[in-house]
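Each chain, written out:
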Amino acid sequence: MEVHEVEMVMSAVAASQYPTDQLPEIALSGRSNVGKSSLINKLINRKSYARTSSKPGKTQTLNFYRVENELYFVDVPGYGYAKVSKKQREKFGQIIEAYLTNRDNLRGLISLIDGRHEPTDDDIAMYVFAKYYDIPVLVVATKMDKISTGKWNRQEKIIKEALDFNPVDKFVCFSALTGAGKDTVWEWIEQQCDIGGRR
Ligand SMILES: Nc1nc2c(ncn2[C@@H]2O[C@H](COP(=O)(O)OP(=O)(O)OP(=O)(O)O)[C@@H](O)[C@H]2O)c(=O)[nH]1
Ligand SMILES: [Mg+2]
């Protein structure tokens, strides 16, 4: 999709604050610093629309970005960041879980995993959780510009094995720096939201 218009509509912590206009929604999850905000910025061709930071744990609420009056991206708080207190982590967990399990407009989850490493226990738990609730998942391996392309297949295999990856889902290697994988991410989103054929 060629994006001309995008609006950060709201930050929500409770269902009463979610948008009410019934557009399809795609959520993005992943550990702090994995590149969720950077992925959103790359998809909408903005340098720093979604707030990115070298300091993990910046995104602490559900942030809804309305794109072209077609869909919402929902940037969720990053999990697994040790410097955030245990209480705060539990709160994040509840916000994410309440949203993912109760939202009719949710069409899919983009699960971001650092492409340089094996998935963390939190990454695996998030995938298992999404599968338990029958949420379609696109696994995005991030920061792939930091790995030579010759090693991409091997990383894909490692990540899929650790997740016990379900072939109904999709996997893509991505870089917010080079834009690698961006078209595949958009194709998946358009398919999930049933807004294809406009590219
Ligand atoms: N080289 C490289 N760096 C990246 C990429 N994606 C993100 N980064 C960097 O990683 C850091 C974290 O990126 P963010 O997009 O803010 O991560 P986030 O997942 O939104 O983090 P939280 O909001 O804290 O959960 C920033 O310094 C980004 O510039 C990528 O594809 N390649
Ligand atoms: Mg962020």
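Rules used in this analysis
- Residues numbered from 1 in each chain as written.
- Chains lettered and ligands numbered in written order.
- Predicted model: local features only at pLDDT ≥ 70, side-chain atom pairs only at ≥ 80, totals over all residues.
- Heavy atoms only, no water.
- Core = buried A, V, L, I, M, F, W, Y, C linked by side-chain atoms within 4.5 Å.
- Buried < 20%, exposed > 50% of the residue type's maximum accessible area, 1.4 Å probe, protein only.
- Helix = DSSP H or I, 4+ residues; strand = E, 2+ residues; numbered from the N terminus.
- Pairing = 2+ DSSP bridges.
- Axes fitted to C-alpha atoms, helices over the stretch in contact; angles between N-to-C directions.
- Phe/Tyr/Trp six-rings, centres within 6.5 Å; stacked < 30°, edge-to-face > 60°.
- Expected span 1.5 Å × (residues − 1).
- Arc of directions from axis to C-beta.
- Contact = heavy atoms within 4.5 Å.

**A closer look at the nonpolar core**
One broad trend across soluble globular proteins is that nonpolar side chains are buried collectively. If you look at the biggest cluster of nonpolar residues, it comprises 33 residues, and the most contacted ones within it are Leu62, Tyr99, Leu100 and Val139. The set of elements that each furnish at least two residues to this core consists of strand 3 (62–67), strand 4 (71–75), helix 2 (86–102), strand 5 (106–114), helix 3 (121–132), strand 6 (137–142), helix 4 (152–163) and strand 7 (170–173). With 26 residues, the next largest nonpolar core counts Val34, Leu39, Ile110 and Phe174 among its residues.

**Side note on the sheet that holds strand 7**
With respect to topology, seven strands assemble into an open sheet ordered 1-3-4-2-5-6-7, the strand pairing being mixed. Each edge of the sheet is formed by a strand with only one pairing partner; in this case those strands are strand 1 (6–12) and strand 7. Between one strand axis and the next, the sheet turns through 20° on average, direction left out of account. Where strand 3 meets strand 4, five bridges bridge the pair, whose relative direction is antiparallel.

**Quick word on the packing of aromatic side chains**
Think of a pair of aromatic rings as described by two things: how far the centres are apart, and how the planes are tilted against each other in angle. Using the criterion set out here, one finds eight aromatic pairs in the structure. The interplanar angle of 45° and the centroid separation of 5.7 Å between the aromatic rings of tyrosine 18 and phenylalanine 64 together place this pair among those described as tilted. Taken together, the residues span a long stretch of sequence, with tyrosine 18 in the loop between strand 1 and strand 2 (25–30) and phenylalanine 64 in strand 3 at a distance of 46 residues. Here tyrosine 18 matches phenylalanine 64 in class, with each residue buried. Centre to centre, the rings of tyrosine 127 and phenylalanine 165 are 6.0 Å apart; their planes meet at 15°, and the pair counts as stacked.

**A word on helix 4**
With 12 residues, helix 4 extends 17 Å between its outermost C-alpha atoms, agreeing within 8% with the 16 Å of an ideal straight helix rising 1.5 Å per residue. Those residues of helix 4 that fall on the buried side of the exposure criterion are Trp152, Gln155, Ile159 and Leu163. Along the axis of helix 4, the buried positions cluster into a sector of 65°, meaning they face one direction only. Exposed residues lying more than 90 degrees from the buried face of helix 4 are Asn153, Arg154, Lys157 and Glu161. Against strand 5, helix 3, strand 6 and strand 7 lie the buried residues of helix 4. In the stretch just after helix 4, aspartate 164 is the one whose phi turns positive, near 55°.

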